[in-house]
Amino acid sequence: MAEEKKQTRSRVRHTKTIRPLRPSAGLEAWYRRELKKAVKEMSHSVEYWLRAVYRRREDEIIAEDASPAWNIWDDLKRTMKRWQKYFDELGERLARRFVGRLSKAEKARFEQALKDAGWTVKFRTPRGVNNILQSAIIENVNLIKSIPEHYLTEVQSIVNVGIQNGKDLDYITRELHKRYEITERRANMIARDQNNKITAALDREHASNLGITDAVWVYTYGSKEPRHTHVEMDGKRFKLSEGLYDPNPKVARKIQPAELINCRCMYRRLLPEMDYSGDFDANGKWADRRQSPDRPNFEG
């Protein structure tokens with residue numbers, strides 16, 4: 001009898017919330033691979049060209065003869081223009097594929113989360129979803145286009161310092177490798193951050209369309225450098241339309257989970273017309289939280 005009551009309580013508690021919707025790891029990995037492949041091709045091309053040019057003029061450069069500088073600059077500008085055009089075209093194509101795939105995946109997983117919570121509804125795509133998708137495409141196009149802008153500006157600086165100070169080819173090669181690694185990390189960040197942001201935005205829109213207005217913040221312990229204010233926000237209730245106040249002096253405003261760069265926080269949606277009066281403790285946090293380093297740290 002005691003075991004039966006325990007199972008009943010667990011079942012009731014489970015159906016009072018909808019589990020957090022984790023961003024698709026598979027889509028993030030695919031997007032990251034596509035971006036890194038393009039970065040690698042650009043980096044290898046620029047390095048191969050620059051090493052060849054620099055090797056031919058290395059004696060003049062080391063002798064601090066300014067004459068080779070202008071020839072190198074002219075060739076570098078042409079190379080930069082070709083790669084900027086490549087990323088401009090890639091941005092339009094890749095951003096649409098990524099956002100389109102993410103939208104389908106989020107909708108399917110949102111429907112499954114509703115079913116898991118025992119909530120059966122006729123699911124319709126809200127009008128606001130299209131605005132989110134179009135905005136996401138524009139944002140990702142701009143981010144992809146910015147990759148060669150940042151990288152090639154740094155390459156210009158490397159060449160400039162090399163010529164001005166009579167540096168040899170080894171210096172140029174070392175510095176190019178450093179910039180490649182920085183650009184690759186930026187591609188990783190774009191894939192992770194956009195996957196998190198778009199998933200959260202679509203999820204909020206779908207929830208709002210179903211009359212879900214409140215949620216509980218979930219800190220996922222997925223960052224090596226946690227935002228301490230987000231750790232404190234874990235388990236707190238907030239309005240999906242407003243977000244939750246982040247007291248960090250650098251933020252000091254209401255934010256949504258995954259809104260800030262590299263934020264991996266999520267949220268558990270509270271079902272409408274349910275009584276939650278006994279589910280939050282004296283500090284305003286969900287009372288039945290269960291700490292765990294590898295999954296959302298409370299269950300409802």
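Cut-off values and rules
Residues numbered from 1 in each chain as written. Predicted model: local features only at pLDDT ≥ 70, side-chain atom pairs only at ≥ 80, totals over all residues. Heavy atoms only, no water. Helix = DSSP H or I, 4+ residues; strand = E, 2+ residues; numbered from the N terminus. Buried < 20%, exposed > 50% of the residue type's maximum accessible area, 1.4 Å probe, protein only. Contact = heavy atoms within 4.5 Å. Areas by Shrake-Rupley, 256 points an atom, 1.4 Å probe, with all protein chains shown as cover. Pairing = 2+ DSSP bridges. Core = buried A, V, L, I, M, F, W, Y, C linked by side-chain atoms within 4.5 Å.

**Things to note about the overall build of the protein**
Part 1 of the reasoning: When helices and strands are tallied, the protein shows six helices and six strands.
Part 2 of the reasoning: Taken from N to C terminus, the helices and strands of the protein fall in the order α-β-α-α-α-α-β-α-β-β-β-β.
Part 3 of the reasoning: Of all 300 residues assigned to the protein, the portion counted as buried reaches 47%.
Part 4 of the reasoning: Across the protein, every contact between residues at least 6 apart in sequence was considered, and the portion connecting residues at least 24 apart equals 77%.
Part 5 of the reasoning: Accessible surface, the protein as shown: approximately 16,300 Å² in total, 48% of it carbon and sulfur.

**Considering the pairing of strand S6 (residues 266-270)**
Part 1 of the reasoning: Among the five residues of S6, five are classified as buried, and the element is accordingly described as predominantly covered.
Part 2 of the reasoning: Covered by surrounding structure in S6 are Met-266, Arg-268 and Leu-270 together with Tyr-267 and Arg-269, the residues of both alternating faces.
Part 3 of the reasoning: For strand S1 (residues 17-18) and S6, the ladder comprises two bridges, and the chain directions are antiparallel. Looking at the pairing, Ile-18 lines up with Arg-269 of S6.
Part 4 of the reasoning: As paired strands, strand S2 (residues 214-218) and S6 are joined by five bridges and run antiparallel to one another.

**Concerning the sheet that holds strand S3 (residues 237-239)**
Strands pair in a sheet through their backbones, by hydrogen bonds, and they do so in one of two ways: parallel or antiparallel.
Part 1 of the reasoning: Strand order in this open sheet of four strands is S1-S6-S2-S3, and the pairing throughout is antiparallel. Looking along the sheet, the strands with just one partner apiece sit at the ends: S1 and S3.
Part 2 of the reasoning: Pairing of S2 with S3 involves three bridges; the strand directions are antiparallel. Note on S3: the bridge partner recorded for Val-216 is Arg-237.

**A closer look at the nonpolar core**
Part 1 of the reasoning: Counting residues in each nonpolar core, the largest one holds 50 residues, and the members touching the most others are Tyr-31, Leu-35, Leu-50, Phe-87 and Val-155.
Part 2 of the reasoning: Listing elements by their share of this core, those giving two or more residues are helix H2 (25-62), helix H3 (67-116), helix H4 (128-164) and helix H5 (169-209).
Part 3 of the reasoning: Ranked by the residues each element gives to this core, the list is headed by H4, at 15 residues.
Part 4 of the reasoning: Once residues within four sequence positions are removed from consideration, Tyr-31 is found in contact with Leu-94, Phe-98, Asn-140, Ile-144, Ile-190 and Ala-191.
Part 5 of the reasoning: Grouped together as the second largest cluster of nonpolar side chains are 28 residues, Ala-207, Tyr-219, Tyr-267 and Trp-286 included.

**Structural notes on the pairing of S2**
Part 1 of the reasoning: Extensive coverage of S2 is indicated by the burial of five of its five residues.
Part 2 of the reasoning: Every second residue of S2 is oriented toward a common face, with Asp-214, Val-216 and Val-218 on one face and Ala-215 and Trp-217 on the other, all of them buried.

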